[in-house]
Amino acid sequence: MNFCSFPFFLHLYYPFKLINQIMENKKEHWEKVFAVNRENEVSWFQTYPKTSVEFLEMFNLSHDANIIDIGGGDSRFVDILIEKGFKNIYVLDISANAIERAKKRMGEKANKVNWIVCDITEYEPKVKFDFWHDRAAFHFLTTEEKINKYVSIAEAAINKEGYLILGTFSESGPTKCSGLEIKQYNETSMSGRFEIRFDRIKCIKEDHITPFNTIQNFLFCSFRRK
Ligand SMILES: C[S@@+](CC[C@H](N)C(=O)[O-])C[C@H]1O[C@@H](n2cnc3c(N)ncnc32)[C@H](O)[C@@H]1O
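Residues numbered from 1 in each chain as written. Predicted model: local features only at pLDDT ≥ 70, side-chain atom pairs only at ≥ 80, totals over all residues. Heavy atoms only, no water.

J.: How would you sum up helix H6 (residues 144–157)? Please name residues and give values.
T.: In this model, H6 (14 residues) spans 20 Å end to end at C-alpha, consistent with the 20 Å of a helix rising 1.5 Å per residue. Those residues of H6 not exposed but buried are Ile147, Tyr150, Val151, Ile153, Ala154, Glu155 and Ala157. The secondary structure elements touched by the buried residues of H6 are strand E2 (66–70), strand E5 (129–135), strand E6 (158–169), helix H7 (187–194), strand E9 (198–209) and strand E10 (215–225). (Helix = DSSP H or I, 4+ residues; strand = E, 2+ residues; numbered from the N terminus. Expected span 1.5 Å × (residues − 1). Buried < 20%, exposed > 50% of the residue type's maximum accessible area, 1.4 Å probe, protein only. Contact = heavy atoms within 4.5 Å.)

J.: Provide a residue-level description of the nonpolar core, including the pertinent values.
T.: In terms of nonpolar packing, the biggest core is built from 41 residues, with Leu56, Leu61, Ile67, Val113, Trp115 and Phe131 touching the most fellow members. Not counting residues within four places of it along the chain, the set of residues in contact with Ile67 comprises Leu56, Leu61, Leu81, Phe86, Asn88, Ile89, Tyr90, Phe129 and Phe131. The next biggest cluster of nonpolar side chains, apart from the first, holds 29 residues, and it includes Ile70, Ile120, Ile153 and Phe198. (Core = buried A, V, L, I, M, F, W, Y, C linked by side-chain atoms within 4.5 Å.)

J.: Give a detailed account of the state of the cysteines, specifying residues and quantitative values.
T.: Under the criterion given, the structure shown has one disulfide. Note that Cys203 is cross-linked by a disulfide to Cys221, the S-S spacing being 2.1 Å. Across the S-S bond linking Cys203 and Cys221, the dihedral sits near 110°, which makes this disulfide right-handed. Of this pair, Cys203 sits in strand E9 while Cys221 sits in strand E10, placing them 18 residues apart in sequence. The same class applies to Cys203 and to Cys221, which are both buried. Of all cysteine sulfurs, the one in Cys221 lies closest to Cys177, which takes part in no disulfide; the gap is 18 Å. (Disulfide = S-S within 2.5 Å.)

J.: Which residues make up the pairing of E5, and what values do they have?
T.: Along E5, six of the seven residues are buried, which leaves the element largely enclosed by surrounding structure. Judged from the four bridges that link them, E2 and E5 form a sheet pairing that is parallel. Within the sheet, the bridge partner assigned to Asp69 lies in E5 and is His133. Taken together, the six bridges between E5 and E6 define a ladder with parallel strand orientation. Paired with Arg135 across the bridge in E6 is Gly167. Once you follow E5 into H6 and on to E6, the crossover reads as right-handed. (Pairing = 2+ DSSP bridges. Right-handed = clockwise from strand over helix to strand, strands pointing away.)

Okay, here's the thing in structure tokens:
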């Protein structure tokens, strides 16, 4: 399993304690979520990630395509990628507990995946991706600084003509997720974030039924790297 860390040079500009506190709070939050709750005790749980799979199937990707699930947690999207025969699969999450749980659930199959424990805004990819998927991680970035970092990392990490699929809460969805403030998007605001280096392909809205029988309205958009 790979880990990444906060770039050392930034410590020269900001006090150590403050940076560590901010980073650890977010990480601690997610480590606790995945330590305390079972798979189907979190609102985002899906037995089958139907919308994500439908987006994947829109693009005739080769089995050699580099595919990454950002904030993949212990989602079952990775299981489907393996079933479909993809060979270069990456799952990145800030929480080591989430990744350990996914690995445990998958058993031997987990060896087919490159697991990365990292805050996406500090990620320095070693490869370029043909398909970048993110369901409900991007919307936790609520400051311009973090959002811009994510966008620049995705811009640099996705191959020309590669795909980006983003799922966030829509403007009809909740304002919080896992007890944290999130940023809601509509088609225009999401596209606006990515329009310099990506062409929008398609956006849809989806009602996700949580394990507690509540409804969360999501917006999913797909983009192609220019
Ligand atoms: C709401 S869950 C969604 C999990 C998964 N994508 C799914 O659809 O089941 C959000 C996930 O994003 C991860 N996450 C939150 N902030 C992150 C960050 N800054 N970098 C990487 N992962 C993050 C969390 O640990 C968690 O697994």
